[in-house]
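Results of the structural survey
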Amino acid sequence: MKRKPMIAGNWKMHMTTKEARELVAGILEQTSDVNFDRVDVLMAPPFTALSAVAELLSGRPVFLAGQNMHWEEKGAFTGEISPVMLKEVGCSHVIIGHSERRQYFGEMNETVNKKLRAAFSHGLTPILCVGESLEQREANQTFSVIEEELDKGLNGLTTEQVQSMILAYEPIWAIGTGKTASPEQAEEVHAFIRGWLEKRVGKEAADAIRVLYGGSVKPENIEGLMAKESIDGGLVGGASLKAESFAQIVKRGL
Ligand code: PEP
């Protein structure tokens with residue numbers, strides 16, 4: 001069974017509010033012929049642009065996400081953003097455990113788990129990122145790394161919660177490097193993730209969970225990736241920063 005595809009743009013630390021407005025306008029224009037019943041589209045701008053983007057997306061079938069959040073509702077956590085704040089500004093989703101958070105900002109599976117729980121208690125749908133480094137892949141640790149990220153990240157979550165979340169397989173060696181995993185390499189890991197999910201929540205529930213691929217997704221490679229049974233969409237970094245390339249990915253990903 002193929003699930004409804006999702007194309008999600010992770011803008012990272014790009015786009016001033018002005019630039020964000022221009023990008024959203026361009027994407028909306030260039031996707032005006034897209035049937036949004038057939039694909040979910042999501043944008044994850046930096047925190048400072050969320051309000052402006054939310055305004056432009058109002059009434060449009062496009063989802064808005066935070067790129068990260070703290071697990072507490074409020075408190076003395078300088079520089080952090082809470083789930084309540086993301087909800088208030090119009091986010092329906094939040095990216096959790098992106099490899100850049102893990103690599104540069106000390107994100108751990110334990111904090112990922114707290115954030116996932118907080119997302120659910122505030123009605124945000126989390127997009128959990130998992131993936132191995134090049135070193136880990138070369139040492140044949142890909143599956144064990146991902147298994148640990150899933151075991152610890154999803155620890156204690158209910159079947160309903162797991163079933164309602166979105167996963168993203170993002171091999172670290174393919175992020176921002178221009179090196180995409182081949183559709184076969186990606187599918188192998190996606191199938192492993194789906195197998196893990198089946199064991200965790202049963203086949204029927206696992207069948208409903210979308211697993212996106214992320215890592216140098218471009219208009220030229222999205223079709224090959226989407227042709228694979230277990231790949232349900234893309235989490236797109238660099239190519240989500242240009243209206244034309246993002247719109248092309250949405251269209252070719254259908
Ligand atoms: C990402 O940021 O999640 C990502 C996959 O980036 P890029 O598409 O630039 O590799």
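Residues numbered from 1 in each chain as written. Predicted model: local features only at pLDDT ≥ 70, side-chain atom pairs only at ≥ 80, totals over all residues. Heavy atoms only, no water.

Bringing the packing of helix α1 (residues 17–30) against helix α2 (residues 50–57) into the picture now. Two numbers describe how α1 lies on α2: the axes approach to 9 Å, and their chain directions differ by 25°. Looking at the two axes, α1 sits roughly parallel to α2. Here α1 and α2 pass one another in a crossing that is right-handed. On α2, the residues that touch Thr17, Ala20, Arg21, Val24 and Leu28 of α1 are Ala52, Val53, Leu56 and Leu57. Here the contact of α1 with α2 is built from residues that sort into seven nonpolar, one polar and one charged. (Axes fitted to C-alpha atoms, helices over the stretch in contact; angles between N-to-C directions. Helix = DSSP H or I, 4+ residues; strand = E, 2+ residues; numbered from the N terminus. Parallel < 35°, antiparallel > 145°, perpendicular 65-115°, else oblique. Left-handed = near helix turned anticlockwise from the far one by under 90°. Contact = heavy atoms within 4.5 Å. Nonpolar A, V, L, I, M, F, W, Y, C, P; charged D, E, K, R; others polar.)

What follows covers the pairing of strand β5 (residues 125–130). Within a regular strand, the side chains alternate between the two sheet faces. Across the six residues that make up β5, a large majority, five, are buried. Bridge count for strand β4 (residues 93–96) against β5 is four bridges, and the pairing is parallel. Along β5, the bridge assignment pairs Ile95 with Ile127. Summarising the sheet, β5 and strand β6 (residues 166–169) pair through four bridges and their orientation is parallel. (Buried < 20%, exposed > 50% of the residue type's maximum accessible area, 1.4 Å probe, protein only. Pairing = 2+ DSSP bridges.)

The next point concerns the pairing of strand β8 (residues 233–236). Residues Gly233 and Leu235 line one face of β8 and the alternating positions Gly234 and Val236 line the opposite face, and both faces are buried. Taken together, the two bridges between strand β7 (residues 210–214) and β8 define a ladder with parallel strand orientation. Residue pairing in the sheet places Gly214 in a bridge with Leu235 of β8. Following the backbone out of β7, through helix α11 (residues 219–226) and into the adjacent parallel β8, one traces a crossover that is right-handed. (Right-handed = clockwise from strand over helix to strand, strands pointing away.)

Turning to helix α9 (residues 183–201), a few remarks are in order. In a regular helix each residue adds 1.5 Å, so 19 residues correspond to 27 Å; α9 covers 26 Å between its end C-alpha atoms and thus fits that length. Within α9, burial applies to Ala186, Glu187, Val189, His190, Ile193, Arg194, Trp196, Leu197 and Val201. Gly202 occupies a position one or two residues after α9 and carries a positive phi of about 90°. (Expected span 1.5 Å × (residues − 1).)

Below, the discussion takes up the site of the ligand. As a structural note, the neighbourhood of the ligand is formed by 14 residues, with Lys12, Glu170, Gly176, Ser216 and Gly238 the closest of them. Here Lys12 contributes a side-chain N or O atom positioned 2.8 Å from an oxygen atom of the ligand. At a separation of 2.9 Å, an oxygen atom of the ligand approaches a polar side-chain atom of His98. Coverage of the ligand by the protein chains reaches 96% of its 290 Å² of free accessible surface. Its residues placed into classes, the shell around the ligand shows four nonpolar, eight polar and two charged. (Near = heavy atom within 4 Å. Polar contact = N/O pair within 3.5 Å; in protein donor to acceptor, adjacent residues only side chain to side chain. Areas by Shrake-Rupley, 256 points an atom, 1.4 Å probe, with all protein chains shown as cover.)

With that out of the way, let us pick up the pattern of salt bridges. The final tally for this structure, using the stated rule, is 13 salt bridges. Of the charged contacts in the structure, one is a salt bridge between Arg137 and Glu132, with a shortest N-O distance of 2.8 Å. Salt bridges here are not isolated pairs; linked through shared partners, they connect Arg3, Arg194 and Asp232. (Salt bridge = Lys/Arg side-chain N within 4 Å of Asp/Glu carboxyl O.)

Attention now moves to the sheet that holds β8. What holds strands together in a sheet is hydrogen bonding between their backbones, with the strands either parallel or antiparallel. Read around the closed barrel, the eight strands follow the order β1-β2-β3-β4-β5-β6-β7-β8; overall the barrel is parallel. In this sheet, neighbouring strand axes are inclined to one another by 25° on average, regardless of whether the strands run parallel or antiparallel. As judged from the four bridges shared by β6 and β7, these two strands associate in the parallel manner. Residue pairing in the sheet places Ile166 in a bridge with Arg210 of β7. Sheet strands in contact with helix α7 (residues 142–153) are β5 and β6, and its direction is about 155° off that of β5. Running over the sheet, helix α12 (residues 243–252) touches β1 (6–10), β2 (40–44) and β8 and is turned about 160° from β1.

Now for the nonpolar core. One finds Trp11, Val53, Leu128, Leu167, Ile193, Leu197 and Tyr213 to be the most contacted residues of the largest nonpolar core, which totals 67 residues. Take this core: its biggest share by element is six residues, from α9. If near-sequence neighbours (up to four positions away) are discounted, Leu167 is found in contact with Leu128, Leu150, Ile193, Leu197, Ile209, Arg210, Val211 and Leu212. Ala8, Ile95, Ile127 and Leu212 belong to the second largest nonpolar core, which has twelve residues in total. (Core = buried A, V, L, I, M, F, W, Y, C linked by side-chain atoms within 4.5 Å.)

Relative to the assigned elements, Asn113 resides in helix α5 (residues 109–121). A distance of 2.9 Å separates the side chain of Asn113 from the backbone oxygen of Asn155, its partner in a polar contact. With near-sequence residues (within four places) excluded, Asn113 lies in contact with Lys152, Gly153, Leu154 and Asn155.

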